[in-house]
Amino acid sequence: MATYKNPETIALHGGDYRSDPATTAVAVPIYQTTSYQFKNAETAANLFGLKEFGNIYTRIMNPTVDVLEKRVAALEGGAAALAVGSGQAASAYCVQNLAQTGDNIVASTDLYGGTVNLFKNTLRQQGIEVRFADPADPKNFEKLTDDKTRAYYGESCPNPYLRVFPIKEVADIGRKKGIPLIIDNTAAPIICKPLEHGATIVMHSLTKYIGGHGTSIGGIIVDGGNFDWIKDRKRQPLLNEPDQSYGGAVWADAVPVLTGANIPFIIRARVVLLRDLGAPLSPFNAWQIIQGLETVGLRMKQHCSNAEKVVAFLETQKKVKNVIYPTNHQGEIKDRALRYMKGGYGSLVGMDLGTIENGAKFINNLKMFYHVANIGDARSLAIHPASTTHSQLPPKDQLAAGVTPGYVRLSIGIEHPDDIIADIRQSLAA
Ligand code: PLP
């Protein structure tokens with residue numbers, strides 16, 4: 001198979017798929033099956049014993065999902081990937097694949113609210129502590145690290161603050177200690193390549209830009225294949241201690257021998273977590289997401305260019321007190337946007353309209369924008385967090401999360417920029 005460097009080409013031709021081996025179909029077929037006929041008893045035994053890799057059961061692998069996994073891995077410059085049923089499942093598996101009861105991870109304070117809930121509540125109930133570090137100073141990650149710290153976790157371009165994460169700075173701190181950096185790159189496919197800056201694992205909610213059409217929930221985890229898991233074996237016990245559920249296999253040793261690749265993280269996530277916790281991506285959703293993936297390069301260009309036009313327009317509007325965008329920060333925070341994002345700064349734009357009433361009124365008067373709790377759709381979307389997603393939080397906690405009373409989050413779509421601006425203009429006027 002040819003390999004390609006450019007993301008627009010990888011999105012269409014990346015991974016191993018050229019045409020369907022059974023029918024020569026060019027479009028990726030939907031393999032809507034639960035199971036696969038084994039050639040004979042010996043092959044079946046080898047597949048179960050991981051002596052041979054192949055299809056066993058769709059909870060663990062599926063040929064349609066496999067194409068998506070290989071393409072997204074190629075797009076991120078990673079070694080292998082695992083698709084799962086949602087972005088939430090991807091976040092949970094990333095942590096659960098490294099940390100167990102009594103362990104901790106250090107995560108950025110700037111995270112998607114669903115991730116915060118998972119980290120503060122459900123993982124804690126499972127005995128995994130998440131410590132939160134302000135990414136303004138990468139050293140905060142080091143300060144919260146101890147012998148039980150198994151991973152660092154951040155988001156490349158988190159809303160509402162839209163402060164780009166210090167990827168290399170935190171990855172470098174972690175690599176010295178045997179701690180991998182996990183980056184949620186949902187908001188910045190193509191324009192941010194966390195693995196190139198030292199991250200080890202990248203995850204996406206496929207529900208957003210990669211799917212792009214607002215039809216299907218999905219998530220994916222990419223293993224960079226770039227981490228030394230055995231340098232400090234005590235640091236990563238789940239990959240370095242015998243796994244009794246696989247006859248005492250030590251993943252960090254066994255996987256490179258079995259696969260020829262340094263991917264124990266993603267293999268364990270598949271054959272242990274997906275096997276036991278079971279949140280696979282359905283073949284149909286994988287197929288829908290592949291249709292989106294094929295045009296994500298084109299869409300990201302339009303999303304970013306439209307967002308920049310919207311930012312320029314909002315900055316001329318008296319009713320808008322503040323415009324939040326990755327490049328509107330100052331100093332080091334702005335420099336991070338310039339360092340870590342290429343070809344654009346994403347489609348998320350924040351605007352502060354001063355009061356809770358103004359924010360709600362603006363939303364009510366929009367005609368083309370959809371009022372939804374989503375981002376990354378081809379359509380333009382808006383939400384007023386203070387009266388919706390963050391309304392249960394006391395005002396102090398809302399402010400800490402970057403949600404001022406008049407904050408409106410826009411996810412700029414790929415419509416004509418004049419129509420997007422016209423809708424914002426008429427709603428501001430109203
Ligand atoms: N990560 C980010 C940055 C998100 O915005 C979301 C959803 O909004 C998720 C993860 C969770 O993804 P999903 O809704 O696919 O479970």
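Up top you'll find the structure we're talking about.
By convention here, each chain's residues receive numbers from 1 onward along its written sequence. In keeping with the predicted nature of the model, local features appear solely for residues at pLDDT of at least 70, side-chain atom pairs appear and are counted solely at 80 or more, and the whole-chain, interface and lining totals rest on all residues. Excluding hydrogens and water, the side-chain values take into account all heavy atoms of the structure.

**Student:** How should the packing of helix 4 (residues 87–96) against helix 10 (residues 264–277) be read in this particular structure?
**Tutor:** Each pair of packed helices can be described by the angle between their axes along with the distance between the axes. The interhelical angle for the contact between helix 4 and helix 10, taken along N-to-C directions, is 115°, at an axis separation of 10 Å. Viewed along their axes, helix 4 and helix 10 adopt a mutual orientation that is roughly perpendicular. As helix 4 runs across helix 10, the sense of the crossing is right-handed. Facing helix 4, whose interface residues are Y93, C94 and Q96, helix 10 presents F265, R268, L273, L274 and L277. Nonpolar residues are Ala, Val, Leu, Ile, Met, Phe, Trp, Tyr, Cys and Pro. Charged residues are Asp, Glu, Lys and Arg, and all others, Gly as well, are polar. Split into classes, the residues belonging to the contact of helix 4 with helix 10 amount to six nonpolar, one polar and one charged. The axes used here are C-alpha line fits, helices contributing only the stretch in contact, and every angle between their N-to-C directions lies in the interval 0 to 180 degrees. Secondary structure elements are taken from DSSP: a helix is a run of H or I of four residues or more, a strand is a run of E of two residues or more, and numbering for both begins at the N terminus. Here the word oblique covers every angle except those under 35 degrees (roughly parallel), over 145 (roughly antiparallel) and from 65 to 115 (roughly perpendicular). Should the near helix be turned anticlockwise from the far one by less than a right angle, the crossing is termed left-handed; should it be turned clockwise, right-handed. Here, two residues are considered to be in contact whenever any of their heavy atoms come within 4.5 Å of each other.

**Student:** Help me out: how do you make sense of the sheet that holds strand 4 (residues 149–155) in this one?
**Tutor:** Strands belonging to one sheet form pairs held by backbone hydrogen bonds; the direction of such a pair is parallel or antiparallel. The seven strands lie next to each other as 1-7-6-5-4-2-3, forming an open sheet whose pairing is mixed. Of all strands in the sheet, those bounded by a partner on one side alone are strand 1 (80–84) and strand 3 (129–133). Averaged over all neighbouring strand pairs, the angle between strand axes comes to 20°, with direction disregarded. A strand pair is defined by DSSP finding two or more bridges across the two strands. When strand 6 (residues 201–205) meets strand 7 (residues 219–223), the two strands line up antiparallel, connected through five bridges. Looking at strand 7, one finds that V202 is bridged to V222. Against the sheet, helix 3 (residues 63–76) engages strand 1, strand 6 and strand 7, with an angle of about 130° to strand 1.

**Student:** What's the story with the side chain of S91 in this structure? I'm lost.
**Tutor:** By the element assignment, S91 lies in helix 4. With residues near it in sequence (within four places) discarded, S91 still touches T115, L118, Y153 and M203.

**Student:** It is not clear to me how the site of the ligand should be interpreted in this structure. Could you clarify?
**Tutor:** Neighbouring the ligand are 13 residues, the closest being Q88, D184, S205, T207 and K208. Each polar contact in these results corresponds to two N or O atoms within 3.5 Å; when the atoms are within protein, one needs to be able to donate a hydrogen and the other to accept it, and residues that are neighboring in sequence are counted only if both atoms are side-chain atoms. Between the ligand and Q88, the relevant distance is 2.9 Å, taken from an oxygen atom to a main-chain nitrogen or oxygen of the residue. Note on areas: these come from Shrake-Rupley sampling with a 1.4 Å probe, and a residue is covered only by the protein chains present in the view. For the ligand, the accessible surface in isolation is 390 Å², of which the surrounding protein chains cover 90%. Residue composition of the shell around the ligand, by class: three nonpolar, seven polar and three charged. Only heavy atoms are used to decide nearness, and a residue is near a molecule or strand if one of them lies within 4 Å of it.

**Student:** Sorry if this is basic, but what is going on with the packing of aromatic side chains here?
**Tutor:** Any aromatic ring pair is given by two values, namely how distant the centres are and how the planes are angled relative to each other. A pair of aromatic rings is counted whenever rings of Phe, Tyr or Trp (Trp by its six-membered ring) have centres within 6.5 Å, and the orientation is called stacked for planes under 30 degrees apart, edge-to-face for over 60 and tilted otherwise. Applying the stated criterion across every chain yields a total of eight aromatic pairs. Here the aromatic rings of F119 and Y153 are separated by 4.9 Å at their centres, their planes lie at 85°, and the arrangement is edge-to-face. Remark: Y153 occurs in strand 4 and F119 occurs in helix 5 (residues 113–125); sequence separation between them is 34 residues. Exposure categories follow from relative accessible area, calculated using a 1.4 Å probe and restricted to protein chains: below 20% of the type maximum is buried, above 50% is exposed, and the middle band is partly exposed. Look at Y153 and you get buried, because its relative accessible area is 0%. Here the aromatic rings of F284 and W287 are separated by 6.2 Å at their centres, their planes lie at 25°, and the arrangement is stacked. Remark: W287 and F284 occur in helix 11 (residues 283–293); sequence separation between them is three residues, near one turn of the helix. Members of the aromatic cluster, joined through ring pairs, are F141, Y152 and F165.

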